[in-house]
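Structural overview
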Amino acid sequence: MRKRADVISNGYKVMLIDDEIGIVDSLSIVLTKAGYETVGFTDPHIAIETLAKDTYDILILDFLMNTIHGDEVVRQIREFNTDIYIIILTGHKDLAPPVETLKALDIQGYCEKNDRFDQLILLVESAVKSIAQRATIYRFKDGLNKILDAVPRIYNLKPIGNILEDILREIMAFTSSTDGFILIDDLINDNNDHKTLIRGFGRYLGGVEEFTSRLSPELMESIGQARMDKMVISLDNGIILPLLNEYHNIMGVIYIESNNYHERAKLLEIFASQASAALNNALLHSLINIKNEELLRTYDELKERYMDTIEVLRLAVDAKDVYTRGHSERVGYYARKIGECFNLDRADLEILNIAGVFHDIGKIGTTDDILLKTDKLDEKEYAEIKKHPLKGAHILSAVSMFKEVVPLVKYHHERIDGKGYPLGLKGEEIPFFARILSVADAFDAMTSDRLYRTKLGIQEARRQLIDGAGRQFDEEVVKAFVGIIDKSFDEMKNELEFSFLEILEQ
Ligand SMILES: [Fe+2]
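Residues numbered from 1 in each chain as written. Predicted model: local features only at pLDDT ≥ 70, side-chain atom pairs only at ≥ 80, totals over all residues. Heavy atoms only, no water.

Concerning the overall build of the protein
Of regular secondary structure, the protein possesses 20 helices and 11 strands. Considering only intrachain contacts with a sequence separation of at least 6, the fraction spanning at least 24 residues in the protein is 63%. A total accessible area of about 25,200 Å² is found for the protein, and carbon and sulfur atoms account for 50% of it. (Helix = DSSP H or I, 4+ residues; strand = E, 2+ residues; numbered from the N terminus. Contact = heavy atoms within 4.5 Å. Areas by Shrake-Rupley, 256 points an atom, 1.4 Å probe, with all protein chains shown as cover.)

Structure below.
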């Protein structure tokens, strides 16, 4: 075992395994220079034992080693560690492990050995980004849940005074703070006058005049700075969040007085950007002279910002469980394929695709203990899982573009015989598109590995779909999908494989 840590560490620990000491040494030098703490092994067995006791962020290992192959090493590691990022080194491109192996062992990338290691450094850097993102997601899961609850509420609000108070109330509750204010300026009313609107709580409660007399010169200066730089300003006892409009111009600020917001600063920033979008929406609706075209453009942008947030949350759901990674995309893909059999138009196919991608977004509200449990769930835990379609529908209901996707997400676990959830709808009570989504979801679940069981073969999954037709699934939908499996499954597999490779190469 060789250890090098003589350069300032960036906090990430990398384990290197290669049976050639020369490779371990060169890798160690390159990575240590880049700020990583590296520990190298030439004996894979000792490396596995070490990894069982110690925490590492990234593992880089040789594919072809004398005593044991890299994929077997990873297989053993994955039995007790599903978190570590793994990069496989190959001597030559043709000797790279097959994609199936990479997928099955959740290996994030592979790279050819060469003298300069440029490609490897890039891969390690992208692994670090993912690790940091996942750490943030885990750390702030609670906060994200709160935001999720609050965002649809904010979007539904109308009068501007109320919206300001509600935004402030939500954000203050989030930091357990009692003093704070929200200030919006250059608000143009119907008479084309400019005015400033303020809402405050605690010691900032009151009208504009009283309000300004309560601000300390330092705080005023910091607010001015936040407005000028359009940046969040963190103070010892509070945080200033700028509110920006669709043109990235300052609309106002939120100030929260609190000593313990630091942990949640990033979330507060996300919240402020959502609040800006909601305010923008409300302001735009109150302006009568705005051009229609402009309104539409702004609305698109609002949707986009909300979409970004939802995308982060969706990734959070996938990040929770390596076994479901890629599941949502595949469900979207299968649902679309089924839709094509029923000659649906492009807009409907898009609805099916989006619904597939977001169908399990409600699982963000389900705890990891339940989501990652390998044993059978007890009644209470199962009841918790069964809430995810309604939670998902709630999250997506805030944006009108998801209007048609909402019922699909809500009813994707209903069954034709009425034994599904959340409502126990029967037969045609279940929207047709939700019946399509249900088959796509079940098929991908059956053909992928899960924590509690390994995957079924295509033919077995096909048989189970036919078996469930008329009871769990819609008969016509099953018929259509079985037709696709029989006719063009290989083609579909290639398309899916291709997109997987793209993900790997990112
Ligand atoms: Fe689901």
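There's more to say after this.
Focus on helix 18 (residues 432–447)
Turn by turn, an α-helix covers 3.6 residues, leaving residues three or four places apart pointing in a common direction. Here helix 18 is 16 residues long and its end C-alpha atoms lie 23 Å apart, about the 22 Å a rise of 1.5 Å per residue gives. With 15 of 16 residues buried, helix 18 lies mostly within the body of the structure. (Expected span 1.5 Å × (residues − 1). Buried < 20%, exposed > 50% of the residue type's maximum accessible area, 1.4 Å probe, protein only.)

Here we look at the coordination of the iron ion
On the protein side, the iron ion has Asp360 (OD), His388 (NE2), His412 (NE2) and His413 (NE2) as donor atoms, found 2.1 to 2.3 Å from it. Because the angles between the 4 donor atoms bound to the iron ion fall within 82 to 171°, the donor set is best described as irregular. Each donor residue of the iron ion lies on the same chain, and together they follow the pattern D-x27-H-x23-H-H. With a gap of 53 residues between them, Asp360 in the loop between helix 13 (346–358) and helix 14 (368–371) and His413 in the loop between helix 17 (406–410) and helix 18 connect regions that are remote in the sequence. His413 gets classed as partly exposed once you look at its relative accessible area, which sits at 22%. (Donors = N, O, S within 2.8 Å, 3.2 Å for Na, K, Ca; no water. Tetrahedral: all angles 85-135°; square planar, octahedral: opposite > 155°, others 65-115°.)

Regarding the nonpolar core
Counting residues in hydrophobic clusters, the biggest one holds 41 residues, and the most contacted among them are Tyr334, Leu465 and Phe481. Within the residue set of this core, elements represented by two or more residues are helix 12 (327–341), helix 13, helix 16 (388–396), helix 17, helix 18, helix 19 (458–468) and helix 20 (475–505). The element best represented in this core is helix 20, accounting for 9 residues. Core analysis: the next-biggest nonpolar cluster, separate from the first, contains 26 residues, Tyr261, Ala265, Leu268 and Ala272 among them. (Core = buried A, V, L, I, M, F, W, Y, C linked by side-chain atoms within 4.5 Å.)

Considering the confidence of the model for the protein
The predicted model of the protein averages 79 in pLDDT, with 76% of residues at 70 or higher. At the level of individual helices and strands, the protein shows its lowest average pLDDT in strand 1 (residues 2–4), which scores 45, and its highest in helix 17, which scores 95. Here residues 287–291 is modelled with pLDDT under 50, and outside its nearest four sequence neighbours on either side it reaches 3 contacts, counting other chains as well. Counted against residues more than four places away or in other chains, residues 499–506, with its pLDDT under 50, gives 8 contacts. (pLDDT = per-residue confidence, 0-100.)

Comments concerning the packing of aromatic side chains
The final tally for this structure, using the stated rule, is 10 aromatic pairs. Taking 5.1 Å as the distance between ring centres and 90° as the angle between the ring planes, the aromatic pair formed by Phe342 and Phe432 counts as edge-to-face. Taken together, the residues span a long stretch of sequence, with Phe342 in the loop between helix 12 and helix 13 and Phe432 in helix 18 at a distance of 90 residues. For Phe342, a relative accessible area of 26% gives the class partly exposed. Owing to a relative accessible area of 27%, Phe432 belongs among the partly exposed residues under this scheme. Ring pairing ties together the aromatic residues Tyr333, Tyr334, Phe443 and Phe481, which thus form one cluster. (Phe/Tyr/Trp six-rings, centres within 6.5 Å; stacked < 30°, edge-to-face > 60°.)

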